[in-house]
Amino acid sequence: MAPTKVRLIVNSRACEVEAAPDTPLLYVLRNDLELNGPKFGCGLGECGTCTVLIDGTAARACVIPIEGCVGREIVTLEGLGSRDRPDPVQQAFITEQAAQCGYCLNGMIMTTKALLNINPHPSEAEITQALRYNLCRCGAHVEIMRAALRAAGHIVEICD
Amino acid sequence: MRSQRQGSLSVVRAANDGSGGFETFIKITADGSVTAYNGHVDLGTGIRTALGQIVAEELDVSFARVVIVLGDTSLVPNQGATIASETIQITAVPLRKAAARARQFLISRAAERLEVPSADLTIEDGLIRGKDNRSVSYGELIGDETIRLDLAEDVPLKATGSYTIVGQSVPRVDLPAKATGELVYVHDIRVPGMLHGRVVRPPYAGVDAGPFVGNSLIAVDEDSVGDIPGLVAVVTIGDFVGVIAEREENAVKAAARLSVSWKAVPTLPELDDLDAALRANPSTPRTLIEKGNVEGALAGAAKPMRRTYTWPYQMHASMGPSCAVADYHEDRIRVWSGTQNPHILRSDLALLMDRPEGDIEVIRLEAAGCYGRNCADDVSADALLLSRAVGRPVRVQLTREQEHTWEPKGTAQLIDVNGGLDADGTVAGYDFATRYPSNGAPTLALLLTGKLAPIPAVYEMGDRTAIPPYDYDHMRVVAHDMPPIVRASWFRGVSALPNTFAHESYIDELATEAGVDPIEYRLRYLKDKRAIDLVNAVAERAGWTPRPVREEKEGDVVHGRGFAYALYVHSKFPGYGAAWSAWVADVAVDKTTGEVSVTRVVAGQDSGLMINPDGVRHQIQGNVIQSTSRALMEEVSFERGTVATREWGAYPIIKFPDLPKIDVLMLPRQDQPPLGVGESASVPSAAAIANAIFDATGVRFREPPFTPERILKGLRGDVPTKPETLPPPTMSRSSKIWRSPFSRRSGVFARIAALCTAVIGLGAAVLPGRAIAPIARPDPSVYSAATIARGEQLAALGNCAVCHTAMDGAVNAGGRPIETPFGTIYSTNITPDVETGIGGWSYPAFERAMREGIHRDGRHLYPAFPFTHFAKASEADLQALYAYLMAQAPVRASTPHNKLAFPFNLRPLLAGWNALFHQAGVFKPNPSKSELWNRGAYLVESLGHCSACHSPRNALGAERADGYLAGGLADRWEAPPLTSLSHAPIPWSEDEFYSYLRTGESRFHGVAAGPMAPIVKDLAALPDHDIRAIAAYLASFNEPALEPDAQQALAAKLESETRVVLASSTGARLYQGACAVCHELGGLPLFGSRPSLALNSNLHSAIPDNLIQVILHGITQPASSDLGYMPAFQDAMSDDQIAELVAYLRRQFAPDKPQWRDVRDAVSRLRASALH
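The rules behind each value
- Residues numbered from 1 in each chain as written.
- Chains lettered and ligands numbered in written order.
- Predicted model: local features only at pLDDT ≥ 70, side-chain atom pairs only at ≥ 80, totals over all residues.
- Helix = DSSP H or I, 4+ residues; strand = E, 2+ residues; numbered from the N terminus.
- Rg over C-alpha atoms; globule rule 2.2 N^0.38 Å.
- Buried ≥ 20, exposed ≤ 12 C-beta atoms within 10 Å, placed from the backbone.
- Pairing = 2+ DSSP bridges.
- Axes fitted to C-alpha atoms, helices over the stretch in contact; angles between N-to-C directions.
- Contact = placed C-beta atoms within 7 Å.
- Nonpolar A, V, L, I, M, F, W, Y, C, P; charged D, E, K, R; others polar.
- Core = buried A, V, L, I, M, F, W, Y, C linked by C-beta atoms within 7 Å.
- Parallel < 35°, antiparallel > 145°, perpendicular 65-115°, else oblique.
- Left-handed = near helix turned anticlockwise from the far one by under 90°.

**Student:** What is the right way to read the overall build of chain A from this model?
**Tutor:** Regarding its fold elements, chain A presents 6 helices and 5 strands. For chain A, the sequential pattern of α-helices and β-strands runs β-β-α-β-β-β-α-α-α-α-α. Rg of the C-alpha trace for chain A: 16 Å, near the compact-globule value of 15 Å for 160 residues, within the 12% margin. Counting only C-alpha atoms, chain A reaches 60 × 30 × 25 Å along its principal axes. Every one of the 160 residues in chain A was classed for burial, and the buried ones make up 64%.

Shown next, in the form of C-alpha cells:
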C-alpha cells in the first residue's frame, strides 16, 4: 500500500502521520510518535505487551493497522499518567513493585485499566480472567495480581 | 559567590586488558553525588537497586544519592557475563570494597580537617560530624581535587550488625520509569537518522553447527522488493541476509517479501526421541567424584534400581524479541544493546568488524528478561553489519519467530542413575551420569558470515550440582561432555535443575522402596547444617506429615505432596554454592484428563544476608512460577531436526489461572555473606512436583513436562487415550436441493444442440463476433449526478472493483489474476482509458458485453466475467453503471495475457458455452412472491451475482442449476451454501443474513473473511432496504428461522458444550496460545469482535479450506474496522502445526461433525497456492 496521510487521535492529541494505511498502529506509536509504552512482543496479538486502549477498550496494537484507528481515541501508557502524576493503576503497580524486567508491564497496566473501565470493582477471579492472555516470563504474577487488586480497590494485605 | 567545585574522588583498579588504563568502581563528585560502576547488568532482577543499597550502606550516604551505571563498556569494569547468580555474591564485592575505601579515605581526611580522632566521628548521608557538632561534607572534603584511590583488598568493611540500608526492602529504582513509558529499554532508543533493519534467517532453524552453516545461501532476488517504498539496501554476507528501510513497517514487508533461495537443509538428527539422540551424540566422560567402591556396592545391592531421567529442550522465552541499534563510523562504532555480557559482545563485534575493541563502545540498556541467554548479542551484531553497509545508524528488531527459533535453547539433558538399596534400606551406591549437549552458542553473525567456523565446541557445563547433596558411601558422578545438537546454552539453574530433578526424584524413589518418609530419608544423608535447618523449617512451615508408606488416593482427582531440596552449585567446577532452597509442592491430578495443577508451593530459602528482602522474595516467587511452568508445560518441538516452536501457542508458558499459591519462607541469616538468589528457587521445582505427582497417583514420571497426555499415558500405560471429543449435540437437519428459480431446464436435446454450436464455434475461429466501432470517450457531464450515484451503488453491488483491481493497483484498472480450473484469467481494465480500458466503448458495446459476454472488438469474454448474471440487469441499471464507469478517472494499464490450457484458450468455443449455459433476458419478477423477495431476487441474480461463487460449477465451469446457492469456491476459499444445505449449526435467518451483509458479522455464523470481506464492504453503498431484500430472498431458501429466544438458547448450549477447559494436545495448546485471546467466550473485550468458534459456519463445513485460509492469512481487510483484525499465522506456524490446530478446532467446536481428512495436505496446498 502506498503511503498516505493518516490522522490519529493519540493521548487526546490529534496528529497526522504519513504511512501506508496497513501499517500496524504499534510502529506508528513507537516510531512516529516516539511513545515507549506499547512494546513489540509477538506481532500476533498473543502476548499483550503492545496493549493500548482504543475507545477505552484494550487493543493489541501490533495487529491493528492505522486505517482501522481513524476517528478513534487511542490511549497509551503515557496517556494514563507520568512519573509525577501517575494514574491510580500505574501507582498501584509501582506500589506493589509489580514487575521484574518490566517488558510486560505496559500490557498488564493497560489491560487492568481496560478491565476497570467496564468493571470498576472486579473480583480476583475476574482479574485473573482478564489478565490471562497477558504473558509474563519473569514470574511477577503475584505482585501483578496484588497491584491489580489494589487498583480495583481491594485491600491488599501486607506480606510478612 | 564562589564557583562550583570541580573535584572528584574515584576508586579504581588497573585494567587487566594490557591497556595500562584503569577501571573505575566509585566516583564521588564535589557536589556530593555518588556514581557506582558495575560490569554486570540488571536483567530485570533488581540488582541495580541492590547494588545501590550496598554502596550507600558502605559509604554512609542516602540511597537516593547513589546512581548505578551498569554494563557500558566505556565506563564500567570488565567483570564478565551476568550469569550464574554471581552479581551480589561475587561482582558486588569489589564495589563494596571500593565504597569502603572511599569512606575510609574521607573519614580520615575529616579527622584531620576537624582535628578529632576518626573514632569520634559519625556520618549521616555523607556529612561527617564531630562530637562538637562541627561537620564537613564529602563534597567539601573533595573540593577541587582529583583524587584517585586504588581499590584495596584489605580495606575494613562495616559490621553487618550496623547496617541500616542493606537488609531493608527498598523499592526498585527502575519501576516508576517502566510503569509510565519513559525511555528504558534498548527497544526505545532512537538515534537521529536511524534506519530500520530486519534480518532473514536461514532455513536450518535453530541449528548453528555443521558445514552448511554460513554456506547455504544460493541467491537473493533484490527485484522482489524493488517496489517497497523507502527501501535502502539489501545486505548479504555468507548466510547473513538483511534489509534496511526508512520505515520499520517497510523493512518488515521487505524481509517478508524478499525472494531468497537456499540450499536444501541436510538431514539432521531427529529430536523426537531425546534419549536416543543424546546417547548417540559423541561425548567424553569426565569423572567429578569417585568415592568408595561403587561397582562392588552395586553388585551386592539387595534392590538394584536403574533409572533414567530425561529433560527436554526448553526456551528462555524472553517476552521481548531482541533489538539493537548500531552506528558505524570509521573512527567510532557505537552499539546500543540489551546484552548481558557487554565486554564479551564487544570482543565478538571487534572480530566481526576486524577492528580493535577500543574502537567499539557497547552501551547497555535494559531489555526483556532473559534468564540465561536470548538473541541480544545476535541482534547487536546484525545491526552493526547493516549499519556498516549503509553508513547510517540502523535499528534491528528481531521477530517473535526469530527469537523463538534462534535463541540458544536451554538444553535437553539425559541422566542415568544406577543405584539401589541394601537389605537394611540404606543406599547401597550411587552411580550418576549426566549428558549435557550445549555450548556458548557463538554470536550468530560470526557463524553466518563465516568469521567463525561452525564447528561445535564442547563446554564443561553439565556438572553444575551434579554431585548430590547427600553423603552416599559409594558414589561416582560422571559428566559426559558433548557438543550441542541444536543451538543451546545456559538457562536458569544451568544443568543443576535437570541434575537435581534426577537426584531428588531418585532419593524419593529410594525412600519409597525403603519404606521411610522421604524427608526423614534425606536427612539421614544430609550433613550440611544450614541445609538441615532449611529442610526442617520448610517441612514445618508446610505442615509436612511424615509418610513412610504412600497412601492410596480415591477419586478422579487425587492430591499429593512432594518435597525436594537443592544447594545450587554453579560456575566452573567445583563451583560455588548460591542460596539453599527447598520446596514442598502440593498437586491435584485429574486422572480422567491427566491434568496436573500445582496448587501450592512452600518455597524456603537460606540466602545468607538479604540485601533487599523484597527483592529476594520476588526472585523466589519468580523462580517458583517460571520453574513450575517449565515442569508442567514447556518443551521445544522439532521438525526434521530444526526448531518448530515459533510463537506462544507452540511454546506455552504459565498463565494467571494456573498459578500455584506460593508461600515463601526466607531464613533470617543477615549475619552471613550474601548469596546469589536469581536461580536457586528454580532448582528443586521439577523434582518436588514429580514427587507430589507420585504421591497422588503412585506413578513415577521421569520426563518433564508433565503434560496431560504424558500423565494419561503414564497412568494408563500405552493404552491409547480417549480422543477428547464431547458428546455431539443432537440436531436434526433436513437437507434439500434447491434449483435456481430462474434456471432453464436444459434437456438432452438442448445439450446436443449446444455441443454442435461449440463445434461450429471452433470452426468459426476466424469469424469472431461483430466488432462495435470505438468512440471517443463519452463526456460524463451528460449524465446526472443522481445517475452516476446510482451507478456507483450498482458497481458496489456488482463488486466490480473486487475483481477488476490488482493487489496494490489502481481501482478498476484490472490485472488481478483469477484462478479457474482452466487456467489463470486476468481481469480487464474497466476505467475509461481509451486505449487500455473501456473509454472507447459505446453504451451498446458495454451493454452487449454485460448481456452477452462479447468484447467490443467481437471477442468472446470468459465466463469468469459473470455476464450470465449481468444479463438480467435492467436497462436503466446498466445505463447508470455505464455512466458511473465513464465518469471515473481513466487509468492507463494493459491487461496481462491469460494463461489458459488448450482448448480453453480458444475463445470461439465460448459461443457454444453460451448456447449451453447462458440464458439471455432481463430479470422477470415472480408475481406469486412479495415485492421484497422479488427485489432481493433481482439484486442477487443480476448484478449481485451471488451464485457465481456460491453455487457449484460443472465441468465446463458453468453454475449447476441443480445446486443453486449450494456452495462453491472463490479464490481458493469456500463460498459456503446459502440455503438449507448450510453446515452452520444454527440455520440462517433473514435477520442474520441482514446483519452479516450489513455489518460483516453474524453472532451465529461469524465474520466475513477472505473474498467476502471486500464484498460486504462494497455493499455498504446499498441502502438498508436493498440489503433487507437480499436477506429476505436468501432466507427463503432456508428452513423457517428459529425464534430469537430459541436461537440464543441453542447458541448458548453449543457454546457451553464446547467450552475449552484443558489443553491436552498440541492443537489445543496452539488454540490457547494463539486463538483463545480473541475467541474464548467471556474474555475481556478486545478491540473488534469476538467470533464464537462453536457457531462459526467454517468450522462446521464439509471442507477445512476457509479455516485454513483464515489461519494462514488472517483478516487484514475486514468488512469494517469495527470487526477488528486477525493476524496471519503463516510465518509463525508450520503446516504440521496448522493441521494439528485445525483438527483440534474441528474436534472441539464441531464435535458432531466428522473429522476432516487430509488436512495436512490441504494446508500445504493452500499455503503453496498463495505464493503463486
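**Student:** For this particular structure, what's the right way to read the overall build of chain B?
**Tutor:** A tally of helices and strands in chain B yields 35 helices and 37 strands. Projected onto its principal axes, the C-alpha coordinates of chain B cover approximately 115 × 85 × 55 Å. Every one of the 1172 residues in chain B was classed for burial, and the buried ones make up 54%.

**Student:** What is the right way to look at the sheet that holds strand 12 (residues 240-245) of chain B in this model?
**Tutor:** Picture the strands of a sheet paired through backbone hydrogen bonds; they go either parallel or antiparallel. All names here are of chain B. Taken together, 7 strands build an open sheet; the order of strands is 11-12-9-19-16-17-18 and the sheet is mixed. Looking along the sheet, the strands with just one partner apiece sit at the ends: strand 11 (231-237) and strand 18 (360-364). Each adjacent strand pair in this sheet contributes to an overall mean axis angle of 20°, direction not counted. Along the sheet, helix 8 (residues 342-353) contacts strand 17 (333-337) and strand 18; its crossing angle with strand 18, the most-contacted strand, is approximately 140°.

**Student:** Mind showing me how you'd approach the sheet that holds strand 14 (residues 284-291) of chain B here?
**Tutor:** Residues and elements named next belong to chain B. Taken in spatial order, the 5 strands line up as 14-23-22-21-15 in an open sheet, and their pairing is mixed. The open sheet has two free edges, formed respectively by strand 14 and strand 15 (303-311), since each of these has just one partner strand. Taking each pair of neighbouring strands and ignoring which way they run, the sheet shows an average axis angle of 10°. Summarising the sheet, strand 15 and strand 21 (residues 413-421) pair through 9 bridges and their orientation is antiparallel. Across the sheet, residue Lys-303 finds its bridge partner in strand 21, namely Leu-421.

**Student:** Would you take a moment to explain the interface of chain B and chain A for this structure?
**Tutor:** Reports of interface size often rely on the accessible area that becomes lost once the parts have come together. Taken together, the contact between chain B and chain A spans 65 residues of the former and 70 residues of the latter. Put simply, the parts of the chain that give the side of chain B that touches chain A at least two residues each are helix 4 (175-180), helix 5 (248-257), helix 15 (613-633) and helix 31 (1066-1079) of chain B. Examining the composition of the side of chain B that touches chain A, we find that 9 residues originate from one element, helix 15 of chain B, more than from any other. Across the side of chain B that touches chain A, the residue classes tally to 32 nonpolar, 18 polar and 15 charged.

**Student:** Got a minute to help me understand the nonpolar core in this structure?
**Tutor:** A general feature of soluble globular proteins is that nonpolar side chains tend to end up buried together. Formed by 399 residues in total, the largest nonpolar core has its most connected members in Val55(B), Ile689(B) and Ile693(B). In this structure Val55(B) touches Ile26(B), Val34(B), Ala36(B), Val66(B), Leu95(B) and Ala99(B), once residues within four positions along its chain are discounted.

**Student:** Help me understand the packing of helix 1 (residues 47-59) of chain B against helix 2 (residues 87-114) of chain B in this model?
**Tutor:** The axes of two packed helices give the description: the angle between them and the distance between them. All names here are of chain B. Axis separation between helix 1 and helix 2 bottoms out at 8 Å; the angle between their running directions is 30°. Classified by the interaxial angle, the pair formed by helix 1 and helix 2 is roughly parallel. Judged by the twist between their axes, the crossing of helix 1 over helix 2 is right-handed. Packed against helix 1, whose contacting residues are Ile-47, Ala-50, Leu-51, Ile-54, Val-55, Glu-58 and Leu-59, the element helix 2 presents Thr-87, Ile-88, Ala-92, Leu-95, Arg-96, Ala-99, Ala-100, Ala-102 and Arg-103 at the interface.

**Student:** Help me understand the packing of helix 13 (residues 518-525) of chain B against helix 14 (residues 529-542) of chain B in this model?
**Tutor:** All names here are of chain B. Viewed as axis vectors pointing N to C, helix 13 and helix 14 meet at an angle of 170°, and their least axial separation amounts to 11 Å. Here helix 13 lies roughly antiparallel to helix 14, going by the angle between them. From helix 13, Ile-519, Arg-522 and Leu-523 reach across to helix 14, where they touch Ile-532, Val-535 and Ala-539. The residue makeup of the contact of helix 13 with helix 14, split by class, is 5 nonpolar, no polar and 1 charged.

**Student:** How should the pairing of strand 23 (residues 475-482) of chain B be read in this particular structure?
**Tutor:** Along a regular strand, successive side chains alternate from one face of the sheet to the other. Residue and element names in this part refer to chain B. Counting buried positions along strand 23 yields 8 of 8 residues, so the element is predominantly enclosed. Taking every second residue as pointing to the same face, both faces of strand 23 are buried, with Met-475, Val-477, Ala-479 and Asp-481 on one and Arg-476, Val-478, His-480 and Met-482 on the other. Across 7 bridges, the pairing between strand 14 and strand 23 is antiparallel. By the bridge assignment for strand 23, Thr-287 is matched with Val-478. In terms of strand pairing, strand 22 (residues 427-437) meets strand 23 through 8 bridges, oriented parallel. Bridging from a neighbouring strand, Thr-434 pairs with Ala-479 of strand 23.

Bear in mind that shape data such as this cannot, by itself, settle questions of function.
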